[in-house]
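Close look at the chain arrangement
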Amino acid sequence: MASERQTVSTSALARALLDLCRSRKLTIATAESCTGGLVAAALTEIPGSSDVVDRGFVTYSNEAKRAMLGVNASTLQTFGAVSKETAIQMAVGALERADVDLAVAITGIAGPGGATPGKPVGLVHFACAARDGRIINREQRFGAIGRSAVRVRSVVEALRMLMELARPQTAVKPKRAAATRLRPRVARSPRLHPVKRPRPPRT
């Protein structure tokens, strides 16, 4: 039941993303490592997605990340394949090579093996890049919840990040200054002495 609910929510999220991108005439590319193309699959499962989804890169090895997405060898050597730096370069590489409006990248350790000191099973790095220069990145530590669960939750996170960048940017309105009265009230000074009224003359 839980897996069915997850599938339904993933499908609904993918459909909402496609509708939003379609309305704004945005195109998408994916760059996936540990998810092995599941993000692209979730999107292309929906009929008519070809007007939004351009292509997907499945770059499982370091060599594929370098050759297909232009990830620097020094980045992989210094930070590793599962890192913020690699995820960002994957997203930017997909954006440039596909010439799309949005690109998302995923690299992580789905398990059950592959953990290293400081990088446990369930660690996944995400990056999303937009044609206007915006880049967002996130780190998730899903834990040892099982290979399939890590991959499914990674797909949901990637779709959410794409939704975030696909939405139109809202301009922050400057706060209005407090309205001032045009005619400030003048405080009346109290009378120092009572006013004496003249008595009428006696007749």
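Let me begin by describing the structure that accompanies this report. (Residues numbered from 1 in each chain as written. Predicted model: local features only at pLDDT ≥ 70, side-chain atom pairs only at ≥ 80, totals over all residues. Heavy atoms only, no water.)

With that settled, the discussion passes to the pattern of salt bridges. Scanning the model with the defined rule gives 9 salt bridges in all. Residue R55 is joined to D54 by a salt bridge in which the shortest nitrogen-to-oxygen separation is 2.5 Å. Of the residues examined, D54 reaches a relative accessible area of 39% and is grouped as partly exposed. A salt bridge links D99 to R131; its shortest N-O distance comes to 3.6 Å. With D99 in the loop between helix 5 (84-98) and strand 3 (102-108) and R131 in the loop between strand 4 (123-130) and strand 5 (135-141), the pair connects residues that are 32 residues apart, well separated along the chain. When its relative accessible area of 60% is taken as the criterion, D99 is described as exposed. The exposure class of R131 is partly exposed, given its relative accessible area of 40%. A single network of salt bridges, built from pairs that share partners, joins D19, R22 and D51. (Salt bridge = Lys/Arg side-chain N within 4 Å of Asp/Glu carboxyl O. Buried < 20%, exposed > 50% of the residue type's maximum accessible area, 1.4 Å probe, protein only. Helix = DSSP H or I, 4+ residues; strand = E, 2+ residues; numbered from the N terminus.)

Strand order in the open sheet made by the 5 strands is 2-1-3-4-5, with mixed pairing throughout. Two strands in the sheet have a free side with no partner beyond their single neighbour: strand 2 (53-58) and strand 5. Recorded for the sheet is a direction-independent mean angle of 10 degrees between the axes of neighbouring strands. Packing of helix 5 onto the sheet brings it into contact with strand 1 (28-32), strand 2, strand 3, strand 4 and strand 5, and relative to strand 4 it is tilted by some 35 degrees. (Pairing = 2+ DSSP bridges. Axes fitted to C-alpha atoms, helices over the stretch in contact; angles between N-to-C directions. Contact = heavy atoms within 4.5 Å.)

Our next topic: the environment of G37. Its place among the elements puts G37 in the loop between strand 1 and helix 2 (38-44). For G37, a relative accessible area of 15% puts it in the buried group. When the C-alpha atoms of G37 and F57 are compared, they prove to be 7.4 Å apart, with 20 residues separating the residues in sequence. Not counting residues up to four positions away in its chain, the partners in contact with G37 are E32 and V58.

The next point concerns the environment of S83. Positionally, S83 belongs in the loop between helix 4 (73-79) and helix 5. On the basis of relative accessibility, which here comes to 5%, the residue S83 falls in the buried class. Residues S83 and E139, spaced 56 residues apart in sequence, show a C-alpha to C-alpha distance of 8.6 Å. Discounting residues that sit within four places of it in the chain, S83 has contacts with T107, K119 and H125. A distance of 2.9 Å separates the side chain of S83 from the backbone oxygen of G80, its partner in a polar contact. (Polar contact = N/O pair within 3.5 Å; in protein donor to acceptor, adjacent residues only side chain to side chain.)

The next subject is the packing of helix 3 (residues 62-69) against helix 5. The axes of two packed helices give the description: the angle between them and the distance between them. In the contact formed by helix 3 and helix 5, the axes pass within 9 Å of each other and the chain directions differ by 35 degrees. Every residue of helix 5 that contacts helix 3 at K65, M68 and L69 is listed here: T86, Q89, M90, G93, A94 and R97. Grouping the constituent residues of the contact of helix 3 with helix 5 by class yields 4 nonpolar, 3 polar and 2 charged. (Nonpolar A, V, L, I, M, F, W, Y, C, P; charged D, E, K, R; others polar.)

Further remarks concern the pairing of strand 3. Here strand 3 lies mainly inside the structure; 7 of its 7 residues are buried. Residues L102, V104, I106 and G108 of strand 3 are buried on one face, and the alternating residues A103, A105 and T107, pointing to the opposite face, are buried as well. As paired strands, strand 1 and strand 3 are joined by 5 bridges and run parallel to one another. Its bridge partner being in strand 3, A29 is matched across the sheet by A103. For strand 3 and strand 4, the ladder comprises 7 bridges, and the chain directions are antiparallel. Paired with V104 across the strands is C128, a residue of strand 4.

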